[in-house]
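Coordinate analysis (summary)
What follows is each chain in one-letter form.
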Amino acid sequence: MKQINIDELARPHLRSLIPYSSARSEYEGPAEIFLDANENALGSVVGTYNRYPDPYQKKIKKKLSDIKSVLPNQIFIGNGSDEAIDLLIRTFCEPKKDNILIFPPTYGMYKVSAMINEVGVTSQPLTPEFELNTNELRNKSLNDVKLIFICSPNNPSGNRIPTETIKSILDNYNKIVVLDEAYIDFSNDESLIALIRGYNNLVILQTFSKAWGLAGLRMGMAYSNSEIINLLNKIKPPYNLNEPAQKIILEALNQKDRKEDMVKEIHQERTRLLQALQALNITQKVYPSDANFLLVKFNNAKKIFNYLINQSIIVRDRSNVILCENCLRITVGTNYENNKLIKALKRFH
Ligand SMILES: *Cc1c(COP(=O)(O)O)cnc(C)c1O
């Protein structure tokens, strides 16, 4: 059991912060008439959205706690996991003083969120095979680092970081380790969410934006111990998740099978796309993927990227990203879309 002092790691001014108290949280028990929140009692111009949503999304957390085998007070729900990333940085990092640690190439929002908050970014690149080298990490000065962001499966490389590597970082550093599992549903390996019981310095991020197919709703989760979750709740915008989104997510959680069916189909398409891409003479390498995208090294990525735009097919140019020279990141599409892509690439010369 790893126990670090969370209170000591969090920004000192948050200890005495009194969070905003919403109207609905200032009474208990059943009620019939709500004249407390300056809503429009007559109704809405369209639909029925005149009441403020539940600031703590209790129904969703109850359901998620069953599905994920965690307690409701170990769940934070954000307006996308991007909100959780921003709030974690604002909870633990003092502007112009503290740092986050990232392992590029990785998800761009960690750095952008840090920079918006005037928080420093310490980088240790992954190896050319996108592995995380913990020996190299030992030689780095991490004195000012408060948060360590690990993305697994990693975006844009698609590979998983081995559990032993993640555990060794959790064990050896008294920092908050944020493990971003946005793509975990596409991996054959399991989520490390159960580790939040053994490590109070671990935060797991997951999202509804990928496997669940609900990117438009904006909902992402942070799972951790209740102390960290309470800190996030303290500084979040009170009504960060709107009412229709909360309703739809509840409905989605009753249809987990649909998600699993789609994941299976995406797996099949991923294998097919990988083989087809490997067979092209313009391809140098297709990196193995535990996610719903493939990182592909071509002979001339920029040319292919622009050619595909002309064919009305948009992929992500990662060729300017560290260790991703000549690489495009291609999301696995539908059978039809993947066929179109392969056909177009076969015609490229
Ligand atoms: C897509 C993605 C997210 C999801 O962000 P949301 O704000 O929940 O849509 C988080 N992390 C990584 C690595 C991603 O690629």
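Residues numbered from 1 in each chain as written. Predicted model: local features only at pLDDT ≥ 70, side-chain atom pairs only at ≥ 80, totals over all residues. Heavy atoms only, no water.

Turning to the sheet that holds strand β10 (residues 316–317), a few remarks are in order. Strand order in the open sheet formed by four strands is β8-β9-β11-β10, with antiparallel pairing between adjacent strands. In this open sheet, the two edge strands, each paired with only one partner strand, are β8 (283–286) and β10. Sheet analysis places β8 next to strand β9 (residues 293–298), joined by three bridges and oriented antiparallel. Bridge pairing in β9 places Val 286 opposite Val 296. The sheet strands contacting helix α9 (residues 256–278) are β8, β9 and β11 (327–331), and the helix crosses β9 at an angle near 5 degrees. Packed on one face of the sheet, helix α10 (residues 301–310) meets β9, β10 and β11 and runs near 40 degrees to β11. (Pairing = 2+ DSSP bridges. Helix = DSSP H or I, 4+ residues; strand = E, 2+ residues; numbered from the N terminus. Contact = heavy atoms within 4.5 Å. Axes fitted to C-alpha atoms, helices over the stretch in contact; angles between N-to-C directions.)

So, on to empty space enclosed by the protein. For the structure on display, the rule yields three cavities of 30 Å³ or more. By volume, the largest cavity is sized at about 70 Å³. Only α2 (58–68) and β6 (202–207) provide two or more residues apiece to the lining of the largest cavity. Looking at the lining of the largest cavity, its residues break down into seven nonpolar, two polar and three charged. If you add up the space inside the second largest cavity, you get close to 50 Å³. Lining the second largest cavity are Phe 103, Thr 106, Leu 126, Leu 132, Phe 149, Ile 150, Cys 151, Asn 154 and Ile 161. Of the residues belonging to the lining of the second largest cavity, the class tally is seven nonpolar, two polar and no charged. (1 Å grid on protein atoms, 1.4 Å probe; cavity = no way out; pocket = protein on both sides within 12 Å on 5 of 7 lines; lining within 4 Å. Points joined across faces, edges and corners; volume = space filled by probe spheres on them. Nonpolar A, V, L, I, M, F, W, Y, C, P; charged D, E, K, R; others polar.)

Here α10 has its buried residues at Ala 301, Ile 304, Phe 305, Tyr 307 and Leu 308. Along the axis of α10, the buried positions cluster into a sector of 165 degrees, meaning they face one direction only. Exposed residues pointing more than 90 degrees away from the buried face of α10 are listed as Lys 303 and Asn 310. On its buried face, α10 sits against β9, β10, β11 and α11 (335–347). At the C-terminal side of α10, Ser 312 shows a positive phi close to 70 degrees. (Buried < 20%, exposed > 50% of the residue type's maximum accessible area, 1.4 Å probe, protein only. Arc of directions from axis to C-beta.)

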